[in-house]
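Residue-level listing of the chains:
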Amino acid sequence: RPVSRVAVLGATGSIGVAALDVIENLNRCDPDFAWEVSSMSGHSQIDPLIELAGGCHTPPKCVVVSDAEMEAQAAKALKTASTQTNSRLTERCRLDVGPDALVRAATEKDVDVVVAAIVGRAGLESTLAAVHAGKRVALANKETLVVAGPVVTRAAADNGAELLPVDSEHSAIFQCLAESRARQSQFATAKQPNTAADPSAKTHWPGVRRLILTASGGPFRDWTTAQMREATIEQALAHPTWKMGAKITIDSASMMNKALEVIEAKWLFDVPADKIEVVVHPQSLIHSLVEFEDGSLIAQVSPPDMRMPIQYALTFPRRLPCPAPELDRTQGWDMSLCPADPDRFPALALGFEVARVGGTAGAVVNAANETAVDLFLNGQIRFTDIPEICRRTLLDHDHESSPTLERLLKLDVWARGRARELAQI
Ligand code: NDP
Ligand code: MG
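Looking only at helices and strands, the protein chain features 16 helices and twelve strands. Its C-alpha radius of gyration of 21 Å places the protein chain within 12% of the 22 Å reference for a compact globule of 425 residues. Overall size of the protein chain, expressed as C-alpha extent along the three principal axes, is 65 × 60 × 50 Å. Residues counted as buried form 55% of the 425 residues belonging to the protein chain.

Okay, here's the thing in structure tokens:
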């Protein structure tokens, strides 16, 4: 079997660990390809990273530690592991450190797929590098598109890179579009022309009226604003349906995650903000829907387990058995949908506004949000301060509609400082 080689960036995180599980499983069940982890990265969790590397059936050639200050600790842990019998790591596994090492791992010549699973703006350079190198990118790191959507999507088109969504909502939309396009091309005739069967070759979507993103509503779905004002860190971290990293869990509680996803959908599918809608679906079984011009809706349904969308991004257009559990149909199951409440979740309106104006707004709102979430997790601000800090940081910046990447990165630094100042007022 030919080998498909994957760089897993952010391997120590929730998505990273799930991706490693998918790759191990694919290697057992894919009749067409052998799957190998070529490199993997962690930032602060050195021992778990080395353990994950040692657990791969074919250990990675390179382990990346993006925090350069961890070099000595990582070198020691790698050396110890390569002499232990319960680890498959050998001395041939290299250590590479620092943020540039992520770029090297993402652009390595023999890497076929890059799983971009670093959290936040920290994932931008490596994701963009993978895109420039024309790789298939399994994109979990939505912040990269929020900060620099036009830059990233243009680079993907110019370099023949495939940006395949891992975010479950975007994977759902991608799947709905992919399935409908596959049928269209199967039945395409001279009278009913069809352009392409591959939705990653996006541009515009004939016949599509709207993309409908579902939101679980998070732990505060039914809370009043007054209750949310008093929310503790533990309450905000207690997500009802998904087990995820801390940052995205807080984003889900404030619905800033959905706001970021509206912006992500705009860039990924090249649709204007007014063609995107959000509905609340507490069970997290319907991962999103596409509404067509004739009023028909196509939804993608699966249990809330990220291994399904991760695997689809790796194997698209092929479908193979996945380690995620099946939906239990021996019991009745509920799938309810209701409108989102922008009054209690002001982050949502911000997301639509940012998606509408584009330009520098995404970089600013993302940086303000990352800063505010850190401040909340450190007990320095209230939960309800998060969207307010984002709103005011956005208001304080001079909007530009076609910024360069350099300008966006400068604004990212500025917005972090401004958000910190606003938090102290
Ligand atoms: P986690 O917090 O679980 O993991 C984050 C990963 O990024 C870890 O490997 C961490 O390393 C690494 N990391 C943290 N800071 C840096 C940095 N400054 N430089 C380089 N690497 C860094 O997050 P998740 O896995 O939950 O989320 C990852 C991305 O996927 C996010 O963008 C999120 O929005 C998106 N996503 C996640 C979903 C989920 O179900 N978890 C669902 C949909 C999207 P270490 O731990 O070693 O410090
Ligand atoms: Mg999501």
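Text resumes after the structure shown.
In ideal tetrahedral geometry, four donors around a metal make angles of 109.5 degrees, whereas ideal octahedral geometry with six donors gives angles of 90 or 180 degrees. The magnesium ion (ligand 2) binds to the protein through Asp167 (OD), Glu169 (OE) and Glu261 (OE), with metal-donor distances spanning 2.1 to 2.2 Å. We note that the donor set of the magnesium ion (ligand 2) lies within a single chain, spaced as D-x1-E-x91-E. For the pair aspartate 167 and glutamate 169, a shared accessibility class is recorded, and that class is buried.

This part covers the sheet that holds strand β5 (residues 113–116). With respect to topology, seven strands assemble into an open sheet ordered β4-β3-β2-β1-β5-β6-β7, the strand pairing being parallel. In this open sheet, the two strands that pair with only one neighbour each are β4 (94–97) and β7 (162–165). Pairs of neighbouring strands in the sheet enclose a mean axial angle of 25 degrees, with direction left out of account. As paired elements, strand β2 (residues 34–42) and strand β3 (residues 62–65) share four bridges and run parallel to each other. Bridge pairing in β3 places glycine 42 opposite valine 65. Its contacts with the sheet put helix α5 (residues 124–132) on β1 (3–9), β5, β6 (136–139) and β7, and the angle it makes with β6 is roughly 150 degrees.

Our focus in this paragraph is the packing of helix α15 (residues 385–396) against helix α16 (residues 405–424). In contact at an axis separation of 9 Å, α15 and α16 are set at 125 degrees when each is read in the N-to-C sense. The angle between α15 and α16 places the two elements in the oblique class. Seen from above, α15 lies across α16 with right-handed handedness. For the pair α15 and α16, contact is made by Ile389, Arg392, Thr393 and Asp396 and by Trp414, Ala415, Arg418, Ala419, Leu422 and Ala423, respectively. Taken together, the residues of the contact of α15 with α16 sort by class into six nonpolar, one polar and three charged.

Another aspect to go through is the side chain of arginine 416. Within the fold, arginine 416 resides in helix α16. Residue arginine 416 is classed as buried on the basis of its relative accessible area, which comes to 17%. When neighbours within four sequence positions are excluded, arginine 416 is seen to be in contact with Arg121, Asn366, Ala367, Glu370 and Thr371.

What follows is about the sheet that holds strand β8 (residues 208–215). Across the sheet, which stays open at both edges, the five strands sit in the order β11-β10-β8-β9-β12 with mixed pairing between neighbours. Whereas interior strands pair on both sides, the edge strands pair on one side only; in this sheet they are β11 (297–301) and β12 (338–339). As defined by bridge partners, strand β9 (residues 276–280) adjoins β12 across two bridges and the pair is classed as antiparallel. Counterpart to valine 280 in the pairing with β12 is cysteine 338.

Take a nonpolar patch on the surface next. Together, Val301, Trp333 and Met335 line one region of the surface with nonpolar side chains, adding up to about 250 Å² of accessible area. Residue placement: tryptophan 333 occurs in the loop between α12 (307–315) and β12.

Below, the discussion takes up the site of ligand 1. Inspection of the region around ligand 1 gives 24 residues, with Thr12, His43, Ser44, Gln45 and Glu143 positioned closest. With respect to ligand 1, the backbone of glycine 13 contributes an N or O atom lying 3.2 Å from an oxygen atom. Isoleucine 15 is positioned with one of its backbone polar atoms (N or O) 2.9 Å from an oxygen atom of ligand 1. Summarising the interface, the protein chains cover 86% of the accessible area of ligand 1, which totals 900 Å² for the free molecule.

Conventions adopted
Residues numbered from 1 in each chain as written. Chains lettered and ligands numbered in written order. Predicted model: local features only at pLDDT ≥ 70, side-chain atom pairs only at ≥ 80, totals over all residues. Heavy atoms only, no water. Helix = DSSP H or I, 4+ residues; strand = E, 2+ residues; numbered from the N terminus. Rg over C-alpha atoms; globule rule 2.2 N^0.38 Å. Buried < 20%, exposed > 50% of the residue type's maximum accessible area, 1.4 Å probe, protein only. Donors = N, O, S within 2.8 Å, 3.2 Å for Na, K, Ca; no water. Pairing = 2+ DSSP bridges. Axes fitted to C-alpha atoms, helices over the stretch in contact; angles between N-to-C directions. Contact = heavy atoms within 4.5 Å. Parallel < 35°, antiparallel > 145°, perpendicular 65-115°, else oblique. Left-handed = near helix turned anticlockwise from the far one by under 90°. Nonpolar A, V, L, I, M, F, W, Y, C, P; charged D, E, K, R; others polar. Patch = residues over 30% accessible without salt bridge, like charges linked within 9 Å, V, L, I, M, F, W, Y side chains within 5 Å. Areas by Shrake-Rupley, 256 points an atom, 1.4 Å probe, with all protein chains shown as cover. Salt bridge = Lys/Arg side-chain N within 4 Å of Asp/Glu carboxyl O. Near = heavy atom within 4 Å. Polar contact = N/O pair within 3.5 Å; in protein donor to acceptor, adjacent residues only side chain to side chain.

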